Amino acid sequence: MISVAPVKLDFVAEIGNIDLTKAISETQFSEIEAAFEKYAVLIFHDQPLSEDQQNSFANKFGPLGRPAAPFRPENTERLKRPESADISNVDERGDVLPEGDVRLLINRANALWHTDSTFKRVPAKMSMLCAQSVVPTGGETEFADMRAAWDALPEDRQKALDGLVAEHDYFHSRMKVGLDPRSVSPERRAMLPPVPQILVRTHPVTGRKSLYLASHIKRIYGMADAEAQKLVDQLMAHSTQPQFTYAHQWAVGDVVLWDNRCTMHRGRPHDPKLPRVMRRATAMDIGPSVQEGWKPAA
Ligand SMILES: [Fe+2]
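Worth saying up front: this structure is predicted, and the values here are computed from it rather than measured.

**A look at the overall build of the protein chain**
In step 1: Of regular secondary structure, the protein chain possesses eight helices and 15 strands.
In step 2: In summary, the protein chain has a C-alpha radius of gyration of 19 Å against a globular reference of 19 Å for 298 residues, a match within 12%.
In step 3: The dimensions of the protein chain, computed from C-alpha atoms along their principal axes, are 55 × 45 × 35 Å.
In step 4: Here the protein chain holds 298 residues, and 37% of them are scored as buried.
In step 5: The long-range fraction of contacts in the protein chain, counting pairs at least 24 apart against all pairs at least 6 apart in sequence, stands at 82%.

What follows is the structure, encoded as structure tokens:
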């Protein structure tokens, strides 16, 4: 049986007594899945997974998504599978990318609070990071418990939010970190059109409600832009208070996975001259968060 040691309330737990480099039995996976449903963030130590091992473990949670990488120059992939996301600041030779390299845009946007792939119609269910090179200070991944953040809102506020739909746009968060909109060709823009996502989600297994926020939110349907931005900023500030957050300090071999349906996360800053290399695998959700056929009111 796996061991489950709570790290923070019912939000984060450390999982032990399992070797993820070996085949995982159905029983072991159902124990992990039960922990994943109860805690939104799971930490495994000393698990030096290969790319294939990581993808096959992630695939147990759902179909693997492919990273959106419209700014990656051609032939610079370091990883062999198109489903693997390169969350690093190094090039294909392992050298630290120079300041100004367009690939660092990804890291800069990751430093904003977000939820993975909400800019896709069918967003991410579970993301899993494997740490391959870590920095001695900084570079933590910080998580926010969006269920606890929801629970802490007054009832009238919950009522006002429930049912709202936001527009998420990949390029919106990139522009916040310095992407020049004039540098985006219509072809690249068309690769990732803005998509609607509900603002309050209900977890399909636990029934718990949570705020569904990300720095990708560009507007809220039926609301003036300034009002929507103010609301999103307020909810972001509310959800990321210390009582709702946990910062993971990485060690090489750590595997951390989280439920994107009820958490936000961000990467913390570190010395940009030092390599920090993470590999991500992502299992996608089973459908859009908005109801099939949803259209904004005319
Ligand atoms: Fe992320």
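**Some words on the nonpolar core**
In step 1: The biggest cluster of nonpolar side chains holds 54 residues, and the ones touching the most others in it are Val41, Leu42, Met146, Leu211, Leu213 and Val255.
In step 2: Broken down by element, the residue count for this core peaks at six residues, all from strand S5 (residues 124–133).

**As for unusual backbone geometry**
In step 1: A positive phi angle is found at Asn17, which is not glycine, with a value near 60°.
In step 2: Its location among the elements puts Asn17 in the loop between strand S2 (12–16) and helix H1 (26–38).
In step 3: The phi angle at Asp46 is positive, at roughly 55°, despite the residue not being glycine.
In step 4: Counting through the fold element by element, Asp46 comes out in the loop between strand S3 (41–44) and helix H2 (51–59).
In step 5: Given 13 C-beta atoms within 10 Å, Asp46 falls into the partly exposed group.

**Let's talk about the sheet that holds S5**
In step 1: Judged by pairing direction, the sheet is mixed, and its seven strands sit side by side in the order S1-S2-S3-S13-S5-S15-S4 without closing on themselves. The two strands at the open ends of the sheet, each matched to only one other strand, are strand S1 (3–8) and strand S4 (85–88). Between one strand and the next, the sheet's axes are offset by a mean angle of 25°, whatever the strand orientation.
In step 2: In terms of strand pairing, S5 meets strand S15 (residues 277–284) through eight bridges, oriented antiparallel.

**Overview of the sheet that holds strand S7 (residues 165–168)**
In step 1: Ordered by their spatial adjacency, three strands build an open sheet running S8-S7-S11, and the pairing between neighbours is antiparallel. The open sheet has two free edges, formed respectively by strand S8 (195–198) and strand S11 (217–220), since each of these has just one partner strand. Across this sheet, the average inter-strand angle for adjacent strands is 35°, counted without regard to direction.
In step 2: Across three bridges, S7 lies against S11 in antiparallel orientation. The residue of S11 that forms the bridge with Glu167 is Arg219.

**Side note on the pairing of S2**
Side-chain positions along a regular strand alternate between the two faces of the sheet.
In step 1: Sheet topology places S1 next to S2; five bridges connect them, and they run antiparallel. Paired with Val4 across the strands is Ile15, a residue of S2.
In step 2: Linking S1 back to S2 in an antiparallel pair, the connection comprises three residues, with Leu9 at a positive phi of about 40°.
In step 3: Strand direction decides the pairing type here: S2 and S3, joined by four bridges, are parallel. Looking at S3, one finds that Glu14 is bridged to Ile43.

**Some points on helix H8 (residues 225–239)**
For an α-helix, 3.6 residues make a turn, and residues three or four places apart therefore share a direction.
In step 1: The first and last C-alpha atoms of H8 sit 21 Å apart over 15 residues, in line with the 21 Å expected at 1.5 Å per residue.
In step 2: Taken together, the buried positions of H8 are Val232, Leu235 and Ser239. Seen from one end, H8 has its buried residues packed into an arc of 65°, which puts them on one side. Exposed residues on H8 whose side chains face more than 90 degrees from its buried face are Ala226, Glu227, Lys230, Asp233, Gln234 and Ala237.
In step 3: If you follow the buried residues of H8, they end up packed against strand S6 (141–145), helix H4 (146–151), strand S10 (209–211), S11 and strand S14 (263–267).

Rules and cut-offs
Residues numbered from 1 in each chain as written. Predicted model: local features only at pLDDT ≥ 70, side-chain atom pairs only at ≥ 80, totals over all residues. Helix = DSSP H or I, 4+ residues; strand = E, 2+ residues; numbered from the N terminus. Rg over C-alpha atoms; globule rule 2.2 N^0.38 Å. Buried ≥ 20, exposed ≤ 12 C-beta atoms within 10 Å, placed from the backbone. Contact = placed C-beta atoms within 7 Å. Core = buried A, V, L, I, M, F, W, Y, C linked by C-beta atoms within 7 Å. Pairing = 2+ DSSP bridges. Axes fitted to C-alpha atoms, helices over the stretch in contact; angles between N-to-C directions. Expected span 1.5 Å × (residues − 1). Arc of directions from axis to C-beta.

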